[in-house]
Protein chains: 2
Amino acid sequence: MKEYKVGIIGFGTVGAGVAENLLNNGDVIAKRTGVRPVLAGIADLDITTDRGVKIPDGILTTDAAKVINESDIVVELVGGTTIAKKFILTALNAGKSVVTANKALLAHYGEELFAAAEKSGADICYEASVAGGIPIIKSLREGLVSNRINKIFGIMNGTCNYILTRMEREGADFAAVLADAQKLGYAEANPSLDIDGIDTAHKTAILAALAYGRWFGIDAVYTEGIRELELADIICADEMGYRIKLLGIIKNDNGKVQMRVHPTLIPKDALLANINDVFNGVMVEGDTVGQTLFYGRGAGRQATASAVVADITDAALNLANNCRRRVPGFVPGEQFDRQITEDEVVSRYYLRLQVKDCPGVIAQVTQILASRSISISSLIQHETRGKDVVSLVLLTHPAKEKEIRAALSEIAVLSVNSSPVKLLRIEDI
Amino acid sequence: MKEYKVGIIGFGTVGAGVAENLLNNGDVIAKRTGVRPVLAGIADLDITTDRGVKIPDGILTTDAAKVINESDIVVELVGGTTIAKKFILTALNAGKSVVTANKALLAHYGEELFAAAEKSGADICYEASVAGGIPIIKSLREGLVSNRINKIFGIMNGTCNYILTRMEREGADFAAVLADAQKLGYAEANPSLDIDGIDTAHKTAILAALAYGRWFGIDAVYTEGIRELELADIICADEMGYRIKLLGIIKNDNGKVQMRVHPTLIPKDALLANINDVFNGVMVEGDTVGQTLFYGRGAGRQATASAVVADITDAALNLANNCRRRVPGFVPGEQFDRQITEDEVVSRYYLRLQVKDCPGVIAQVTQILASRSISISSLIQHETRGKDVVSLVLLTHPAKEKEIRAALSEIAVLSVNSSPVKLLRIEDI
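Residues numbered from 1 in each chain as written. Chains lettered and ligands numbered in written order. Predicted model: local features only at pLDDT ≥ 70, side-chain atom pairs only at ≥ 80, totals over all residues. Heavy atoms only, no water.

(A) A look at the overall build of chain A. Helix and strand counts for chain A stand at 13 helices and 17 strands. Its C-alpha atoms give chain A a radius of gyration of 24 Å, within 12% of the compact-globule value 22 Å for 429 residues. Principal-axis analysis of the C-alpha atoms places the extent of chain A at approximately 80 × 45 × 35 Å. Residues classed as buried in chain A amount to 61% of the 429 residues present. Within chain A, residue pairs in contact and separated by at least 24 positions form 73% of the contacts whose partners lie at least 6 positions apart. Element-wise, carbon and sulfur atoms account for 48% of the exposed surface of chain A, whose accessible area totals about 16000 Å². Placing the 46 positive and 52 negative side-chain charges of chain A at their respective mean positions leaves the two points 3 Å apart. (Helix = DSSP H or I, 4+ residues; strand = E, 2+ residues; numbered from the N terminus. Rg over C-alpha atoms; globule rule 2.2 N^0.38 Å. Buried < 20%, exposed > 50% of the residue type's maximum accessible area, 1.4 Å probe, protein only. Contact = heavy atoms within 4.5 Å. Areas by Shrake-Rupley, 256 points an atom, 1.4 Å probe, with all protein chains shown as cover. Lys, Arg positive; Asp, Glu negative; His and termini not counted. Charge placed at Lys NZ, Arg CZ, Asp CG, Glu CD.)

Written out as structure tokens, the structure is:
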């Protein structure tokens, strides 16, 4: 049995889960694959706090360089984009196989890291960086390798999905659910990375790179979070047959790549609409396979460890078979090297207006839309029951983003309009 | 760019799809992986019928031996368990990499084929044998390699799922929907392999072998199909909050393996219950990752081709990197070498009785169940409106199969009972 030394840098939640998994399930991995990854070192600044896993003597150290030096496979679980990058580059330059779960680092510095891996002939694996325990990277790169990718829709942030699920189920406001989620540990004290869509954008950038063979980077992803989402929108969407999810959206748009993250109305009977709580789901549509969907836990100690240890095993199998970089970390293929500008994106839209309850309002609004050839697919205005401002909700047929933006500017200055128009996008999946 | 010759044996629906995919998407595969699988030969007895794909000159032949001889990677798409086996053994013995979609062959002769592959050091890949285009084999063996598998629930037969979906949606009888499915080409003229659960049992045997490291074979799978399912059961299940799906069920049952195929009531809000029409879905629960689900098309020319060509690419990557059998076709690990007998399986049950509408009926039936410590979780009897026979539907808490069987024998001879009791099983997933 070939054994390989695994060194973990960063003994936080996921680090502890990875150590635990290697210790508990190393025999299963060995039986299944014929190689055994062995926990050889864990480096962290804090090696005294109990992480709920019994680590054998001599494994824990504060000396990251020593762990990198003495390992065959280095697992970066420090997080962030500074010291983590340094550790990975040190390991790669020393020819070590690297496993990371660091989506922010990959989204920002992927090209640099992959170049370093290529130069030294080392493996860099990152299954856990997208959708936690779901083997979406392996499925996309290997299982669906024969497909040209038409579309990817991903619910890839458990915190946002948890908040949206509770808002819908409980009829609760965003702020109240966020506060409770923070209390329960489902949201960070500073929740911006999650709720502003940034984390989802990181993952979207990674999947887009794999799907289309070019590292577009994080700035290429149009990003809106769920912070501005109101309960009223969830209720109106529900009435019209839709549920709102924060989606990472990647599309082949006539040979240009579309990358967006925003709250999205999707039909309630779509499988993706039924992925709730902290769970993640990624729908991939290939030209050959058609629609596929991958579902599971997107975060957490154990689920993330499952993906990290799968990567460790992959790296160990490559070492054992002398075939490092059999499937390289990233292959620039440049199937599509151009991105569609946000202005040119065609989508269906949900508009919620607060308008004065007086004659001619619907006529004025719909006339503005009609003048830009934006067609309305459905419209709801409920009776006001004594209020002088009323919600008018419209769903449109497909229209260009720049047309809808221009229409909204015109609507904004109408005298009947009493507050900013709420704009959301619809995907019929 | 390293190129590998691919020879297809069997130019049927899937064979044509594989040829088409290699011709259309070979450049994408090459860009992504650095290797190019090249269509080199197709053998079939009929090489004149148009299959809707333009095959270059010199590729089609009736000489299977020649195709095997001249290929690096041999793709068996003949089907059946006789001549297909011969072709695969010939190819393996000649050291060729083999790709097959033949679940029946694997379920019956897997051990023999894997032994031949091991002996010659060749790859044998079979992603397309289970759940068509869904990369479930790769996900289970590689993506979830660090998990002890607790449970697998699979909707793995598109024909059955199509029939069940239409019965529920249209309130139609089994026979009528089957006849229409045959007319539309969704069911075979002889539908037994699908509707009697045999095809699902083949796939269940394959997944159980991968999950638990032992080739139990097809006879080890307790199998019931959907032929006896009545619309009344679908309606009653719906009223009680359940949907009926034909599931392949694999469980770690306290260190023994449970393998069953039968129509199963699952809660309507479970993701698996929302997989409809011809689609497949496989839920895998691992000890580390928790619940995961994989969804997509389980059959058809293109979806199956997607999986076959993924396997071809895997085999080509192994050839290019001189690492054949990096992940062997099957590794006997014998994590669990024992199977639980059907008698000892614990399940929840659905019972539908046709009883006379007279005093004491419910008392007699429930007394029999109580005497065997079978507890009732819910019960429905609707008003009869003039009929003298009435449906009594019971759901039980968990009980042993042998206890429920014994209880049914006692109920069968009650004078109030007017026809055989309908027994179905429930999984709360």
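There is more to say, and it comes next.
(B) Spotlight on the interface of chain A and chain B. Counting from both sides, the interface comprises 55 residues of chain A and, opposite them, 55 residues of chain B. Both faces considered, chain A and chain B share a buried interface measuring about 4900 Å² in area, 52% of it formed by carbon and sulfur atoms. In this assembly, chain A and chain B are joined by six salt bridges. The shortest N-O distance in the salt bridge between K138 of chain A and E142 of chain B comes to 2.8 Å. Where chain A meets chain B, there are 32 residue pairs in polar contact (both at pLDDT 80 or more). (Buried area = accessible area lost by both parts, 1.4 Å probe. Salt bridge = Lys/Arg side-chain N within 4 Å of Asp/Glu carboxyl O. Polar contact = N/O pair within 3.5 Å; in protein donor to acceptor, adjacent residues only side chain to side chain.)

(C) Spatial organisation of the confidence of the model for chain A. Per-residue confidence for chain A averages 95 on the pLDDT scale, and 99% of its residues sit at or above 70. With a pTM of 0.96, the predicted complex shows an ipTM of 0.96. (pLDDT = per-residue confidence, 0-100.)

(D) Region of interest: the packing of aromatic side chains. Scanning the entire structure with this criterion turns up 13 aromatic pairs over all chains. Seen from their ring centres, F114 of chain A and F330 of chain A are 5.8 Å apart, and the 35 degrees between their planes marks the pair as tilted. Taken together, the residues span a long stretch of sequence, with F114 of chain A in helix 4 (residues 103-120) and F330 of chain A in the loop between helix 11 (301-320) and strand 13 (346-356) at a distance of 216 residues. Exposure class is identical for F114 of chain A and F330 of chain A. Each is buried. Between F294 of chain A and F294 of chain B the ring centres are 6.1 Å apart and the planes differ by 85 degrees, which places this aromatic pair in the edge-to-face class. (Phe/Tyr/Trp six-rings, centres within 6.5 Å; stacked < 30°, edge-to-face > 60°.)

(E) How the structure looks around the environment of A201 of chain B. Counting through the fold element by element, A201 of chain B comes out in helix 9 (residues 198-212). Along the sequence, A201 of chain B and D219 of chain B sit 18 residues apart, while their C-alpha atoms lie 8.8 Å from each other.

(F) Here's a closer look at the relation of the copies chain A and chain B. When chain A is brought onto chain B, the operation consists of a screw motion whose angular component is 180 degrees and whose axial shift is 0.0 Å, with 0.0 Å RMSD remaining. When the rotation and shift are considered jointly, the pair of chain copies conforms to a two-fold rotation axis. Relative to the rotation axis, the closest C-alpha in chain A is found at F294 of chain A, a distance of 2.4 Å. Looking at the interface residues of chain A, 100% of them are also at the interface in chain B, so both copies use one shared face. (Least-squares fit on C-alpha atoms with pLDDT ≥ 70 in both.)

(G) Highlighting the packing of helix 6 (residues 158-170) of chain B against helix 10 (residues 231-239) of chain B. Residues and elements named next belong to chain B. The interhelical angle for the contact between helix 6 and helix 10, taken along N-to-C directions, is 70 degrees, at an axis separation of 10 Å. As far as their axial angle goes, helix 10 and helix 6 are roughly perpendicular. On the side of helix 6, the interface is formed by L164, M167 and E168, while helix 10 contributes L231, I234 and D238. A breakdown of the residues in the contact of helix 6 with helix 10 according to their chemical character gives four nonpolar, no polar and two charged. (Axes fitted to C-alpha atoms, helices over the stretch in contact; angles between N-to-C directions. Parallel < 35°, antiparallel > 145°, perpendicular 65-115°, else oblique. Nonpolar A, V, L, I, M, F, W, Y, C, P; charged D, E, K, R; others polar.)

(H) Fine view of the sheet that holds strand 2 (residues 35-43) of chain A. Residues and elements named next belong to chain A. Read from one edge to the other, the open sheet built from six strands follows the order 3-2-1-4-5-6, with strand pairing classed as parallel. The outermost strands of the open sheet, each flanked by one partner alone, are strand 3 (60-61) and strand 6 (124-125). Judged from the two bridges that link them, strand 5 (residues 97-100) and strand 6 form a sheet pairing that is parallel. Across the sheet, residue V98 finds its bridge partner in strand 6, namely I124. Most of the contacts of helix 3 (residues 83-93) go to strand 5, to which it runs at about 155 degrees, and overall it touches strand 1 (2-9), strand 4 (73-76), strand 5 and strand 6. Across the sheet, helix 11 lies against strand 1, strand 2, strand 4, strand 5 and strand 6, angled at about 160 degrees from strand 4, the strand it touches most. (Pairing = 2+ DSSP bridges.)

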